[in-house]
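Coordinate analysis (summary)
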Amino acid sequence: MDVVLVGLPGSGKSVIGRRLAHRHAAAFIDLDERIESSTGRSIAEIFEGDGEPVFRALERDAIAELGPADPDPEIRRVIATGGGAVVDPRNRWSLYRGRRTVWLDGRPEVLAQRLRRSPHVRPLVAGRDPIGTIRDLGARRARFYAAADVHQSGISEVQGIVDSLDDRLAHLLADERPAGTALLRAETPIGRIVVGDGIAAGALAAELEALGAQRAILVSEPGAWEAAGARIETGLRERGWEIEHVTLPQGEAAKRLDVVETAARELARLRAERSEPLVAIGGGALGDAAGFLAATYLRGVPVIQVPTTLVAQIDSSIGGKTGVDLPEGKNLVGAFHQPAAIVIDVDLLRTLPERQLRAALGEAVKMATLGDERLFELLETDGPLIARGHPSAFGRGYVAEVVERCAWAKVDVVVADERERRPGGGRITLNLGHSLGHAVEAAAGYRDLLHGEAVAYGLRAAARIGVEAGVTPPERAARIGALLDRLGLAIEPLPYSLEVVKAHLATDKKHVGGHLRWVLPTADGVVVRDDIEPGVVDRAATSLLAAGAGAPR
Ligand SMILES: NC(=O)c1ccc[n+]([C@@H]2O[C@H](COP(=O)([O-])OP(=O)(O)OC[C@H]3O[C@@H](n4cnc5c(N)ncnc54)[C@H](O)[C@@H]3O)[C@@H](O)[C@H]2O)c1
């Protein structure tokens with residue numbers, strides 16, 4: 001077994017790692033030392049001479065050279081990482097899977113004091129206000145460190161830490177249930193978020209325990225149950241949980257008021273109490289309906305979202321929008337109800353049909369266009385494999401990185417504007433591609449196009465409108481178009497009439513004072529504009545319907 005130590009500079013990874021390795025007659029590997037010995041230069045020299053990106057590339061190589069995780073049940077290697085190594089999702093994918101991970105945590109004042117005494121120069125801290133810098137680094141990296149299996153804090157002397165770690169690792173290693181790998185864990189104002197691979201049952205059990213639940217009330221639907229729910233139930237039973245089931249219809253049919261009434265009556269029969277969490281296992285439709293059930297039953301009970309589709313993992317489970325449809329329109333009745341926790345297990349996506357995966361990437365392109373350059377590049381290089389659900393896209397961590405980046409981008413936007421009240425920015429920016437996207441989705445009767453497919457059409461149209469309005473540089477529009485081409489999205493003409501699409505556009509919820517607010521791409525993000533000429537919109541809609549490719553190429 002490999003043990004990986006993570007934490008801020010000054011947290012004692014080298015000193016503690018060395019002692020722990022010595023105690024188990026295990027090898028000790030310090031990744032920073034390896035880089036220094038292979039290059040013949042100090043980390044500070046590499047940072048100064050070549051810059052941080054070159055150092056990060058060396059760090060990635062050093063992680064790759066570790067090879068596969070040691071499968072022996074005894075501790076064979078202890079690996080100390082550089083403080084920033086785990087910021088890159090691919091590094092975490094390589095380092096955390098199959099290994100036991102430890103976060104060495106400490107108060108910024110203590111870490112700063114240690115760094116002052118240390119002979120090693122830490123480039124990201126040197127020459128700055130050390131306590132402030134460490135606090136800042138800590139805030140930005142906590143979610144990556146907190147994914148570790150063991151959170152070690154509160155002891156200041158080395159011997160005590162090593163003793164405590166030893167106990168806790170022995171306890172972990174004695175548990176033979178497959179634990180999966182947590183990759184990110186964050187406490188946020190919109191719920192605790194855990195992202196990982198193979199974590200669903202274990203992480204859900206931990207959340208239920210944290211909420212003081214006595215039993216697990218699982219709300220699901222037949223499709224998600226077959227693909228994911230039954231496995232999760234087995235994992236919960238192995239951990240001693242008593243299970244209750246509430247089953248909703250599959251797909252959009254779950255989002256009906258009469259379905260919510262039937263489910264609420266089922267909860268009443270189960271004598272569900274106000275403190276008892278519901279667990280929503282399924283895609284966006286199930287999550288919206290179960291979330292609304294949780295928002296309204298007994299005027300609100302906690303809900304844990306366990307999203308099982310890519311749409312749900314990167315979008316619908318995050319942000320607290322719950323609701324059902326009416327015959328007059330989609331999502332017309334609903335409530336904001338933030339989940340207590342969101343457990344995102346990318347392993348659950350392996351059974352998702354290709355069309356579902358590909359369509360959801362329409363939303364991922366939108367998140368990238370909002371300003372995540374790395375996500376853009378990732379979709380350009382690895383998107384086609386992800387869209388096909390290729391095993392290597394899962395095995396190499398591409399899917400996990402897309403999920404993590406999109407999910408976190410949504411968290412950032414929603415935390416800044418939970419109730420969509422900032423007119424010029426905030427949550428409305430998530431509607432990029434959704435104005436004409438919703439209009440064609442409605443024209444298709446919510447049958448022939450999946451939501452993400454419709455958003456892809458809307459994105460092309462938004463880029464075209466942006467170019468005409470002078471806010472989207474033509475090369476940005478071309479890049480968005482080329483990425484959608486590569487992903488095979490929004491490339492077919494659509495058989496709907498311009499008049500019908502325009503009629504749906506007229507009922508868009510983003511109208512304020514008679515003007516539709518358009519979210520349009522800029523060179524590296526988006527702007528919101530309410531002064532787009534009808535002729536510009538007409539041209540974009542016509543071109544979208546005629547050829548799909550509404551953006552100039
Ligand atoms: N609340 C929000 O912020 C928000 C955001 C975006 C979308 N939505 C809503 O989400 C819904 C669309 O979500 P969706 O695309 O996840 O639809 P969905 O929930 O209907 O799931 C799609 C299909 O996939 C099946 N499925 C679920 N998990 C599976 C798995 N792991 N393997 C194989 N099949 C699986 C389901 O049984 C279903 O047939 C819409 O109702 C939309 O309005 C809500």
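Residues numbered from 1 in each chain as written. Predicted model: local features only at pLDDT ≥ 70, side-chain atom pairs only at ≥ 80, totals over all residues.

1. Re the sheet that holds strand β8 (residues 216-220)
- With mixed pairing, the seven strands of this open sheet are ordered in space as β6-β7-β14-β11-β10-β8-β9. Each of the sheet's edge strands pairs with one partner strand only, and the pair in question is β6 (181-188) and β9 (243-247). Along the sheet, successive strands turn relative to each other by an average axial angle of 20 degrees, direction set aside.
- By the bridge criterion, five bridges tie β8 to β9 in an arrangement that is parallel. Bridge assignment links S220 to a residue of β9, and that residue is T247.
- In the packing of helix α9 (residues 200-210) onto the sheet, contacts are made with β6, β7 (191-197), β8, β10 (278-282), β11 (303-307) and β14 (341-345), and the angle to β14 comes to roughly 170 degrees. (Pairing = 2+ DSSP bridges. Helix = DSSP H or I, 4+ residues; strand = E, 2+ residues; numbered from the N terminus. Axes fitted to C-alpha atoms, helices over the stretch in contact; angles between N-to-C directions. Contact = placed C-beta atoms within 7 Å.)

2. Some remarks on the nonpolar core
- Counting residues in hydrophobic clusters, the biggest one holds 164 residues, and the most contacted among them are L204, V219, V279 and V343.
- When residues of this core are assigned to their parent elements, the largest contribution, 12 residues, is made by helix α17 (residues 398-416).
- Excluding residues within four positions of it along the chain, V279 makes contact with L204, A216, I217, L218, V219, I304 and V306.
- Residues L111, A112, L115 and I134 belong to the second largest nonpolar core, which totals five residues. (Core = buried A, V, L, I, M, F, W, Y, C linked by C-beta atoms within 7 Å. Buried ≥ 20, exposed ≤ 12 C-beta atoms within 10 Å, placed from the backbone.)

3. Examining the site of the ligand
- Near the ligand you find 30 residues, and of these G223, A227, G283, G284 and S316 are the closest.
- Contributing elements (two or more residues each) for the shell around the ligand: α10 (222-238), α12 (284-296), α13 (310-316) and β13 (329-336).
- A per-class count over the shell around the ligand returns nine nonpolar, 14 polar and seven charged. (Near = placed C-beta within 6 Å. Nonpolar A, V, L, I, M, F, W, Y, C, P; charged D, E, K, R; others polar.)

4. With respect to the packing of helix α3 (residues 43-50) against helix α4 (residues 52-64)
- Between α3 and α4, the least distance of the axes is 7 Å, while the angle of their chain directions is 130 degrees. As summarised for this structure, α3 and α4 are arranged oblique, according to the angle between their axes. Across the interface between the two elements, I43, I46, F47 and D50 of α3 pack against E52, V54, F55 and L58 of α4.
- Tallied by class, the residues present in the contact of α3 with α4 amount to six nonpolar, no polar and two charged. (Parallel < 35°, antiparallel > 145°, perpendicular 65-115°, else oblique.)

5. Quick word on the domain arrangement of the chain
- Splitting the chain by domain gives domain 1 (2-176), domain 2 (186-352) and domain 3 (361-547).
- For domain 2 and domain 3, the distance between their C-alpha centres works out to 27 Å.
- Contacts between domain 2 and domain 3 engage 20 residues on the former and 19 residues on the latter.
- Listed by contribution, the elements that provide at least two residues to the side of domain 2 that touches domain 3 are β7, α13 and β13.
- Of the residues forming the side of domain 2 that touches domain 3, the biggest block, four residues, is contributed by α13.
- Taken together, the residues that form the side of domain 2 that touches domain 3 break down as 12 nonpolar, three polar and five charged. (Domains from an automatic or database assignment.)

6. Overview of α9
- Burial of α9 is extensive: eight of the 11 residues sit out of reach of the surface.
- Trailing α9 by a residue or two, G212 shows a phi angle of about 75 degrees, which is positive.

7. Concerning the sheet that holds strand β2 (residues 27-30)
- Read from one edge to the other, the open sheet built from five strands follows the order β2-β3-β1-β4-β5, with strand pairing classed as parallel. At either margin of the open sheet sits one strand with a lone partner, and together these are β2 and β5 (150-152). Going across the sheet, the axis of each strand differs from the next one's by a mean of 20 degrees, ignoring polarity.
- Judged from the four bridges that link them, strand β1 (residues 2-6) and strand β4 (residues 100-104) form a sheet pairing that is parallel. Looking across to β4, one finds that L5 is bridged to V102.
- Contacts between helix α2 (residues 31-39) and the sheet are confined to β2 and β3 (77-80), with β2 contributing the most and set at about 70 degrees to the helix.

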